[in-house]
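Topology and contacts: notes
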Amino acid sequence: MTTINIDSQKRVEMIDITDAVRQALDASGKSDGLVHLFTPHTTAAITINENADPDVVRDLIVTLNALIPFDGDYHHLEGNSAAHLKSSLIGCSETIPFANGRLQLGTWQGIYFCEFDGPRHRQLQIKVIPG
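Residue positions within a chain follow its written sequence, with the count starting from 1. Local features in this predicted model are restricted to residues of pLDDT 70 or higher, and side-chain atom pairs are both shown and tallied only at a pLDDT of 80 or more, whereas totals for entire chains, interfaces and linings draw on every residue. Side-chain descriptors were evaluated using all non-hydrogen atoms of the structure, hydrogens and water having been removed beforehand.

Focus on helix 2 (residues 54-67)
The secondary structure listing takes helices from DSSP runs of H or I that are at least 4 residues long and strands from runs of E that are at least 2 residues long, numbered from the N terminus. Helices are assigned an expected span. That span is 1.5 Å times one less than the residue count. The terminal C-alpha atoms of helix 2 lie 20 Å apart, and with 14 residues this matches the ideal 20 Å at 1.5 Å per residue to within 8%. Here the term buried applies to any residue with accessible area under 20% of the maximum for its type, exposed to any over 50%, and partly exposed to those in between, with areas from a 1.4 Å probe on protein chains only. Turning to helix 2, its buried residues number three or more, namely Val56, Val57, Ile61 and Leu64. Take helix 2 and look down its axis: the buried residues cluster within an arc of 135 degrees, on one side only. N-cap assignment for helix 2: the residue whose side-chain oxygen lies 2.9 Å from the backbone N of Asp55 is Asp53. Working definition: the arc comes from the directions between the helix axis and the C-beta atoms, pointing outward to the latter. N or O atoms within 3.5 Å of each other form a polar contact, as long as, within protein, one can give a hydrogen and the other can take it, and as long as residues adjacent in sequence are counted only when both atoms are side-chain atoms.

Shown next as structure tokens:
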């Protein structure tokens, strides 16, 4: 397993980690199988979406913030309930097949680390599973 560090810069942001995942896959030397991504944080998430038009990321963030506002009738004492809700909604992991050493992402797909309680120092765990 490979662990990479991610330093978010904003309270909410989506960081394109596609190249970092490709590098971990390349370093594994494996040809076919699955890449499993996991973040051990309860206020972050991982998703796959379009990475060609930055307005898609902007629209996702704006919509998530509208659906789950920072200020609400939350009881969690740390004041980051919205981040926990967004993380649960998006999810803390993704699994991507690879063949011939290449991620099998669609033409417009990229992999994003989603920060919902930043800025923070985060970790992403990458497990390459041959098969």
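Once the structure has been displayed, the description carries forward.
Brief notes about the pattern of salt bridges
For this document, the term salt bridge refers to a Lys or Arg side-chain nitrogen within 4 Å of an Asp or Glu carboxyl oxygen. Taken as a whole and judged by the stated rule, the model has four salt bridges. Measuring nitrogen to oxygen at the nearest pair gives 3.7 Å for the salt bridge that ties Arg22 to Asp19. In this pair, Arg22 and Asp19 both sit in helix 1 (residues 18-28), three residues apart, roughly one turn of the helix. Of the residues examined, Arg22 reaches a relative accessible area of 37% and is grouped as partly exposed. When the shortest N-O distance is used, the salt bridge between Glu115 and Arg122 registers 2.7 Å. Note on accessibility: Glu115 and Arg122 belong to one class, buried.

Description of the packing of aromatic side chains
Aromatic contacts are taken between Phe, Tyr and Trp rings whose centres are within 6.5 Å, Trp giving its six-membered ring; a plane angle under 30 degrees counts as stacked, one over 60 as edge-to-face, and the others as tilted. Applying the stated criterion across every chain yields a total of zero aromatic pairs. Comment: the charge-over-ring label is applied if NZ (Lys) or CZ (Arg) is within 6 Å of the ring centre and within 35 degrees of the ring normal. Residue placement shows Arg11 over the ring face of Phe70; its charged tip is 3.6 Å from the ring centre. Across from the ring centre of Phe70, 4.3 Å away, lies the NZ or CZ of Lys86, which sits over that ring.

Observations regarding unusual backbone geometry
In this structure, the amide linkage connecting Gly118 to the following residue, Pro119, adopts the cis form with an omega of -5 degrees. Positioned with a positive phi, Asn100 is a non-glycine residue whose angle comes to about 55 degrees. What makes Asn100 exposed here is its relative accessible area of 66%.

Observations concerning the nonpolar core
Note that soluble globular proteins tend to have their nonpolar side chains buried in a common cluster. Note on terminology: a nonpolar core comprises buried Ala, Val, Leu, Ile, Met, Phe, Trp, Tyr and Cys residues joined through side-chain atoms within 4.5 Å. In this structure, Val35, Leu37, Leu103 and Ile111 are the most contacted members of the largest nonpolar core, which totals 20 residues. At the level of secondary structure, the elements contributing two or more residues to this core comprise strand 1 (2-7), helix 1, strand 3 (33-38), strand 4 (44-50), strand 5 (93-99), strand 7 (109-115) and strand 8 (121-130). Should any heavy atoms of two residues lie within 4.5 Å, those residues are counted as being in contact. Contacts of Leu103, omitting those with residues within four sequence positions, involve Val21, Arg22, Leu25, Val35, Ile96, Pro97, Phe98 and Ile111. Core analysis: the next-biggest nonpolar cluster, separate from the first, contains ten residues, Met14, Val57, Ile61 and Ala83 among them.

A look at helix 3 (residues 81-90)
Among all positions in helix 3, only Ser81, Ala82, Ala83, Lys86 and Ser87 are buried. Considering only its buried residues, helix 3 is in contact with strand 4 and helix 2. Gly91, located one to two residues past helix 3, shows a positive phi value of around 105 degrees.

Brief notes about the sheet that holds strand 1
The five strands are arranged 1-8-3-5-6 in an open sheet whose pairing can be described as antiparallel. What marks the edges here is a single partner per strand, and that holds for strand 1 and strand 6 (102-103). Here, a strand pair is defined by DSSP locating no fewer than two bridges between the strands. In this sheet, strand 6 lies alongside strand 5 in antiparallel orientation, the contact comprising two bridges. Within strand 6, the residue paired with Phe98 across the bridge is Leu103.

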